[in-house]
Amino acid sequence: MSRHGDAGLRAGKAPSQRQLRVGEELRHALADILRRADFRDPDLHDLNVTVSEVRISPDLKNATAFVMPLGGGHVEQIKALNRVAPYLRSQVAKAMRLQHVPRLSFQVDVSFDYAQRIDQLLHRPDVQRDLDHEADAEGAPDAEGTEPHDGP
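Computed from a predicted structure; not experimentally measured.

S.K.: Outline the overall build of the chain, listing residues and values.
M.R.: Helix and strand content of the chain: six helices and three strands. Taken from the N to the C terminus, the helices and strands of the chain come in the order α-α-β-β-α-α-β-α-α. Here the chain holds 152 residues, and 27% of them are scored as buried. Sequence-distant contacts in the chain: of pairs separated by 6 or more residues, those separated by 24 or more amount to 59%. Counting every atom, the chain has about 11100 Å² of accessible surface; 52% of that belongs to carbon and sulfur.

See below:
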């Protein structure tokens, strides 16, 4: 199979070790660059973001950085980061030794919101009641009056 046909099959699979390694290096480089915050763009003045993850394509040509802006202003800051992506790419090229520096794009990281939503659901009274009921049922004697056991 050709290399181009192979890339299509890879899309649904877990990232390779190389993708993970390059993505993590990119995350560190971007975090350092964004921490310095030497931007001319007024929308990026007082930028304070966390770079939580960088996902890179199998061919290592495109990277998506998931960031979480602190203190609000998600939409404006993400648009501004995407506007200055070529500048950030040039800064990454100076900071890392890569043969080809990937094109960068930025997205809001929603995993924190998702984790908070799951936590809220697990702490709802009706869910707690069900969880407590399951815990009581596991330790209670069964219908025959004998203690439950794990073996046959």
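S.K.: For the sheet that holds strand β2 (residues 62–69), give the residues involved together with the corresponding values.
M.R.: Judged by pairing direction, the sheet is mixed, and its three strands sit side by side in the order β1-β2-β3 without closing on themselves. Every interior strand has two partners, whereas the edge strands, β1 (49–56) and β3 (103–108), have only one. Averaged over all pairs of adjacent strands, the angle between their axes in this sheet comes to 25°, without regard to strand direction. Here helix α2 (residues 17–36) sits on the sheet in contact with β1, β2 and β3, set at roughly 150° to β1.

S.K.: Describe in detail the pattern of salt bridges, supporting the description with residues and values.
M.R.: Summed over all chains, the structure comprises four salt bridges. With a shortest N-O distance of 2.8 Å, Glu24 and Arg27 are connected by a salt bridge. Here Glu24 pairs with Arg27, and both are found in helix α2, just three residues apart, close to one helical turn. Here Asp126 ties to Arg124 by a salt bridge, and the two come within 2.7 Å at their closest N and O atoms. On the basis of relative accessibility, which here comes to 30%, the residue Asp126 falls in the partly exposed class.

S.K.: Give a description of helix α3 (residues 74–83) that names residues and reports values.
M.R.: Along α3, the residues that are buried comprise Gln77, Ile78, Ala80 and Leu81. End-on view of α3: buried residues confined to an arc of 160°, all on one side of the axis. The outward face of α3, more than 90 degrees from its buried face, is lined by the exposed residues Val75 and Lys79.

The rules behind these values
Residues numbered from 1 in each chain as written. Predicted model: local features only at pLDDT ≥ 70, side-chain atom pairs only at ≥ 80, totals over all residues. Heavy atoms only, no water. Helix = DSSP H or I, 4+ residues; strand = E, 2+ residues; numbered from the N terminus. Buried < 20%, exposed > 50% of the residue type's maximum accessible area, 1.4 Å probe, protein only. Contact = heavy atoms within 4.5 Å. Areas by Shrake-Rupley, 256 points an atom, 1.4 Å probe, with all protein chains shown as cover. Pairing = 2+ DSSP bridges. Axes fitted to C-alpha atoms, helices over the stretch in contact; angles between N-to-C directions. Salt bridge = Lys/Arg side-chain N within 4 Å of Asp/Glu carboxyl O. Arc of directions from axis to C-beta.

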